[in-house]
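Next come the chains, spelled out residue by residue.
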Amino acid sequence: MKKVLSALAALTAVSSLFAYNPPTGGEELSRLSEPELISGGKSAAGGALNFVTPASIVNNPALPALEQRIMIDLGYTALIDNDDLSDKSYGNAAEIGTSIPSRYGVTTLLAQWVTSPFYDMNLGHVFDFRANFAKEITDKLTFGATANLGIAYDEKHDWKAGVDLGALYNFGKVGFMDDFRLGVALLNLGKPFSGDELLGMNADSRDETAKDWEEATMYPGLATLKIGVASTLFEAGLFKGGWSADISAPTMQNAIFDAGFQVSYNDMVRLNIGWGANARELIEGRAVNLPAIGLAFKFAFKSSKLAAGNADWGQSEMTVGATWQQLYKNVNAVSGGALLKLGTSDTEPPEIVLWPEDSKADKKSDKSESKE
């Protein structure tokens, strides 16, 4: 344990030696591609009401460990900037992901694509692929690890590669809060994008010549420590509400605070409100700090084709959602997505019978026959 802590301390010290001037929005590069990532509080603890998708691994690799069903996730976000000196007004973010449980753990694959050519949020064109494995260690503790590989294809090609590590602990009931969870993740351990040819956050994006002399440094931040807590706050009839709060420290040279609040009705309709504050972007006058607002609907459906092979797969569920947020002064995100969960959850523990009733009856019958 001491060696691990020493290695983390050394990595933190090394990362703090690098200059820190990522592009505006660079720390959120992997959180733009679906509604849940934008409005769900960006939580390392699974969010207010513990709603997990395959894309949740970007916040904490341990989050999918308790999933019992195959999940398929699709998301798309339109990035709109109608007042940008680059004369470009439209960008995109999209993803496709899946989580597959097995007796050994849960494997998750996620592919994301982002194009944001604006000066106001100059992220370029990026493709990122992640492979994750998460496992339940005890009934309260889960662990996960993610390997990722990314490619940036602009005027100058670039790549990134690295690993993310994460753990989640469920304390259960703490005071008046139920399902209290603590998530800890160490993200971006490896080579990030260099940021060459991109506009840094401290450049004046209103200055047409700024791009020539204010290039961004590496992004997302190397060795980002992210810590989050979440819990259910109340249950009243068919209504349930919860909260989450996270803080992260990219390269130990910035502080980002994220918070989320969710309310659901009958576990079918869910309102998401997410809010965040990036300290360095606030200092540079970038952030608007308006909350993200999202709405999601869940419905069940039956499939006779799936039930033909396994009756448990006869009923599945789909959650569709949409989110809006004004990210920066001129950049708005409008996101939509769908999450498909195949089959039904196994909520009943296995029943272990040492002496079945039939066996007892047979034994009594044998004894009576022997007496006769």
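Since the model is a prediction, treat every value here as computed from it, not as a measurement.

Caption draft 1: Up close: empty space enclosed by the protein. By the definition in use, this model includes six cavities of 30 Å³ or more. Taken as a whole, the largest cavity spans an internal volume of roughly 330 Å³. In terms of lining residues, the largest cavity is bounded by 23 residues, among which Glu28, Lys42, Gly276, Gln325 and Leu327 are the most central. For the lining of the largest cavity, the secondary-structure elements that each account for two or more residues are strand 10 (256-265), strand 11 (269-278) and strand 13 (315-326). Per-element tally for the lining of the largest cavity: the top contributor is strand 11, with five residues. Residues of the lining of the largest cavity, tallied by class, amount to eleven nonpolar, seven polar and five charged. Roughly 250 Å³ of internal volume is contained in the second largest cavity. Forming the boundary of the second largest cavity are 25 residues, of which Glu27, Leu29, Ser30, Arg31 and Pro220 lie nearest the centre. When residues of the lining of the second largest cavity are traced back to their parent elements, those giving at least two are strand 3 (106-117), strand 4 (122-136), strand 6 (157-174), strand 7 (177-191), strand 8 (224-236) and strand 10. Of the residues belonging to the lining of the second largest cavity, the class tally is ten nonpolar, six polar and nine charged.

Caption draft 2: Spatial organisation of the environment of Ala230. Considering the arrangement of structural elements, one finds Ala230 in strand 8. For the pair Ala230 and Leu182, spaced 48 residues apart in sequence, the C-alpha separation works out to 6.8 Å. Not counting the four nearest positions on each side in its chain, Ala230 is found in contact with Ser43, Ala45, Gly47, Ala48, Asp179, Phe180, Arg181, Trp243 and Ser244.

Caption draft 3: Structural detail: the pattern of salt bridges. This model, assessed by the stated rule, comprises 14 salt bridges. Here Asp164 and Arg130 are joined by a salt bridge, their closest N and O atoms 3.0 Å apart. Of the two residues, Asp164 sits in strand 6 while Arg130 sits in strand 4, which places them 34 residues apart along the sequence. Residue class for Asp164 comes out buried when judged on its relative accessible area of 1%. Of the charged contacts, one joins Lys226 and Asp258 as a salt bridge, the two residues approaching to 3.7 Å between their closest N and O atoms. Taken together, the residues Lys226 in strand 8 and Asp258 in strand 10 connect sequence positions 32 residues apart.

Caption draft 4: Highlighting the confidence of the model for the chain. Averaged over all residues, the pLDDT of the chain is 87; the fraction at 70 or higher stands at 82%. Within the model, the stretch residues 3-11 combines pLDDT values under 50 with three contacts to residues more than four positions away or in other chains.

Rules used in this analysis
Residues numbered from 1 in each chain as written. Predicted model: local features only at pLDDT ≥ 70, side-chain atom pairs only at ≥ 80, totals over all residues. Heavy atoms only, no water. 1 Å grid on protein atoms, 1.4 Å probe; cavity = no way out; pocket = protein on both sides within 12 Å on 5 of 7 lines; lining within 4 Å. Points joined across faces, edges and corners; volume = space filled by probe spheres on them. Helix = DSSP H or I, 4+ residues; strand = E, 2+ residues; numbered from the N terminus. Nonpolar A, V, L, I, M, F, W, Y, C, P; charged D, E, K, R; others polar. Contact = heavy atoms within 4.5 Å. Salt bridge = Lys/Arg side-chain N within 4 Å of Asp/Glu carboxyl O. Buried < 20%, exposed > 50% of the residue type's maximum accessible area, 1.4 Å probe, protein only. pLDDT = per-residue confidence, 0-100.

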